[in-house]
Amino acid sequence: MDVVAVIPAYQAASTLEAVVRATAQHLPVIVVDDGSTDDTSDVAHSAGAEVLRQEPNQGKGAALRRGFAHALDSGVSAVLTLDADGQHDPACAPDFLVAWRQRGAPLIIGRRDFSQMPLSRRIANNLGTLTFSWAVGRHIDDNQSGYRLIAKPLLPHLLRSSEDGFEFEVEMITDAIRADLRIDWVPIPTIYEDAGSHISPVSHVTNFLRVARDARRQVGTPLELEDEG
């Protein structure tokens, strides 16, 4: 396969098995256990995933880069990322693959329906969309969806990032724009379960505003990418 799924996971033992098994119906699966203290690694392995473990917990961005590096070393051309908490439906994986093979965008993002979110999330995502779209000078439908297909030439470049948290996913949109790469969208279901988030609201907002500010400063500067394998 020239595409693999990369799932970053932290304390995800209760939800991960179903995600891995459903995703594996479409793609080989790599789970990056980001310093969990529960049975995340064992659950992932039993469900059929290749498991990478990093210690201590380093953040979603760092976990994704670990998975990307491993996937590239294995010779893939693209990765599909989805979260371990069940909020991304693995049944949508073929939609990303079809979009990539037919239209070829190196960054394809799952677009959620904000109207289907709980009120607090709806407000936060709408404000985030307005802020980030202003920062990059174009409308970005959903800048924080973690359900994505990322392909060359963007994929190898992302290993250079120093963003360890969710900001990594926002930064990659800025990099794609600066490199004049096409960004495509795939509609995905908007799923919210009872599982709590590992994100601190205050730090989330602070870091998002920092990344948006950086995007505003950088977006006018072209970025040349090299295919690093």
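Now for a look at the structure at hand. Per-chain numbering applies: the sequence of each chain, read as written, is numbered from 1 onward. Where totals are concerned, whole chains, interfaces and linings use all residues; where local detail is concerned, this predicted model gives features only for residues with pLDDT of at least 70, and gives and counts side-chain atom pairs only at 80 or more. Excluded from the side-chain calculations are hydrogens and water; all other atoms, namely the structure's heavy atoms, are used.

Moving on: a nonpolar patch on the surface. Candidates for patches are residues over 30% relative accessible area with no salt bridge; among them, like charges are joined within 9 Å and nonpolar side chains (Val, Leu, Ile, Met, Phe, Trp, Tyr) within 5 Å. For the area figures, the Shrake-Rupley method with a 1.4 Å probe applies, and any residue is considered shielded solely by the protein chains shown. Within this document, salt bridges are pairs made up of a side-chain nitrogen of Lys or Arg and a carboxyl oxygen of Asp or Glu, the two lying within 4 Å of each other. A grouping of Leu119, Ile123, Leu127 and Leu130 is seen on the molecular surface, where their side chains present a nonpolar patch of about 420 Å² in accessible area. Under the DSSP-based scheme used, a helix requires at least four consecutive residues in state H or I and a strand at least two consecutive residues in state E, with every element numbered from the N terminus. Inspection of the secondary structure assignment puts Leu130 in helix α5 (residues 119-136). Note on Leu130: relative accessible area 60%, which makes it exposed. To sort residues, take the accessible area from a 1.4 Å probe on protein chains only and compare it with the maximum for the residue type: under 20% means buried, over 50% means exposed, and anything in between is partly exposed.

Attention shifts here to helix α3 (residues 60-73). For an α-helix the count is 3.6 residues per turn, leaving residues at separations of three or four pointing the same way. How far a helix is expected to stretch is found by multiplying one less than its residue total by 1.5 Å. For α3, spanning 14 residues, the distance from its first C-alpha to its last is 20 Å, which sits close to the expected 20 Å at 1.5 Å a residue. Considered for burial, the residues of α3 that qualify are Gly61, Ala62, Ala63, Leu64, Arg65, Gly67, Phe68, Ala71 and Leu72. Directly after α3, the chain includes Gly75, whose backbone phi takes a positive value near 95°.

Here the amide bond leading from Glu55 into Pro56 is cis, since omega sits at -10°, within 30 degrees of zero. With respect to the helices and strands, Pro56 occurs in the loop between β3 (50-54) and α3. Following Lys152, the chain continues to Pro153 via a peptide bond in cis, the omega torsion being 10°. Inspection of the secondary structure puts Pro153 in the loop between β6 (148-151) and α6 (154-157). The phi torsion at Gln11 lies on the positive side, around 50°, for a residue other than glycine. A relative accessible area of 28% means that Gln11 is categorised as partly exposed. Even without a glycine there, the phi angle at Asp180 is positive, about 60°. With respect to the helices and strands, the residue Asp180 is situated in the loop between α7 (167-178) and β7 (183-187). On the basis of relative accessible area, Asp180 is assigned to the exposed category, the value being 71%.

In this section: the packing of α7 against helix α8 (residues 201-218). One way to put it is that α7 packs onto α8 with a least axis distance of 10 Å and a crossing angle of 10°. It follows from the interaxial angle that α7 and α8 lie roughly parallel. Along the contact surface, α7 presents Glu167, Val170, Glu171, Thr174 and Arg178, while α8 presents Asn207, Phe208, Arg210, Val211, Ala215 and Gln218. Only C-alpha atoms enter the line fits that serve as axes; for helices the fit covers just the stretch in contact. Angles between N-to-C directions range over 0 to 180 degrees. Reported orientations rely on four angle classes, namely roughly parallel under 35 degrees, roughly antiparallel over 145, roughly perpendicular from 65 to 115, and oblique for the rest. By definition, residues are in contact when any of their heavy atoms lie within 4.5 Å.

Right, let's talk about the packing of aromatic side chains for a bit. How two aromatic rings sit relative to each other is set out by the distance from centre to centre and by the angle between their planes. We call Phe, Tyr and Trp rings a pair once their centres come within 6.5 Å, taking the six-membered ring for Trp, and we label the pair stacked below 30 degrees between planes, edge-to-face above 60, and tilted otherwise. Applying the stated criterion to the full structure yields two aromatic pairs. Ring centres of Phe68 and Phe168 lie 6.1 Å apart, and the angle between their planes is 45°; on these two criteria the pair is classed as tilted. Separated by 100 residues along the polypeptide, Phe68 in helix α3 and Phe168 in helix α7 bring together distant segments of the chain. The pair formed by Phe68 and Phe168 is uniform in burial state, with each residue classed as buried. Positioned above the aromatic ring of Phe168, the side-chain terminus of Arg65 is 5.4 Å from the ring centre. Each ring is checked for a lysine NZ or an arginine CZ that lies within 6 Å of its centre and within 35 degrees of its normal; such an atom marks a charge sitting over the ring. The ring of Trp134 has Arg216 sitting right over it, with the charged end atom 4.3 Å from the ring centre.

What follows is about the environment of Asp34. Structurally, Asp34 can be placed in strand β2 (residues 29-34). For Asp34, a relative accessible area of 4% translates into the label buried. Separated by 181 residues in the primary sequence, Asp34 and Ala215 have C-alpha atoms spaced 27 Å apart. Ignoring anything within four residues of it in the chain, the contact list for Asp34 reads Ala9, Tyr10, Gln54, Pro56, Asn57, Gln58, Gly59, Lys60 and Ala63.

So, on to the sheet that holds β3. Strand pairing is defined by DSSP finding a minimum of two bridges between the two strands. Strand order in the open sheet formed by seven strands is β3-β2-β1-β4-β6-β5-β7, and the pairing between neighbours is mixed. What marks the edges here is a single partner per strand, and that holds for β3 and β7. The mean inter-strand angle of the sheet, taken between neighbouring strand axes irrespective of direction, is 20°. Pairing between strand β4 (residues 78-81) and β6: four bridges, direction antiparallel. Opposite Leu80, over in β6, you have Leu149 as the bridge partner.

Enumeration according to the criterion identifies 14 salt bridges in this entry. Measuring nitrogen to oxygen at the nearest pair gives 3.2 Å for the salt bridge that ties Asp2 to Arg101. Remark: Arg101 occurs in helix α4 (residues 93-103) and Asp2 occurs in the segment before β1 (3-9); sequence separation between them is 99 residues. We note a salt bridge from Arg53 to Glu55, for which the minimum N-O separation is 2.7 Å. Judged by relative accessible area, which is 35%, Arg53 ranks as partly exposed. Here Glu55 falls in the exposed class, since its relative accessible area comes to 54%.

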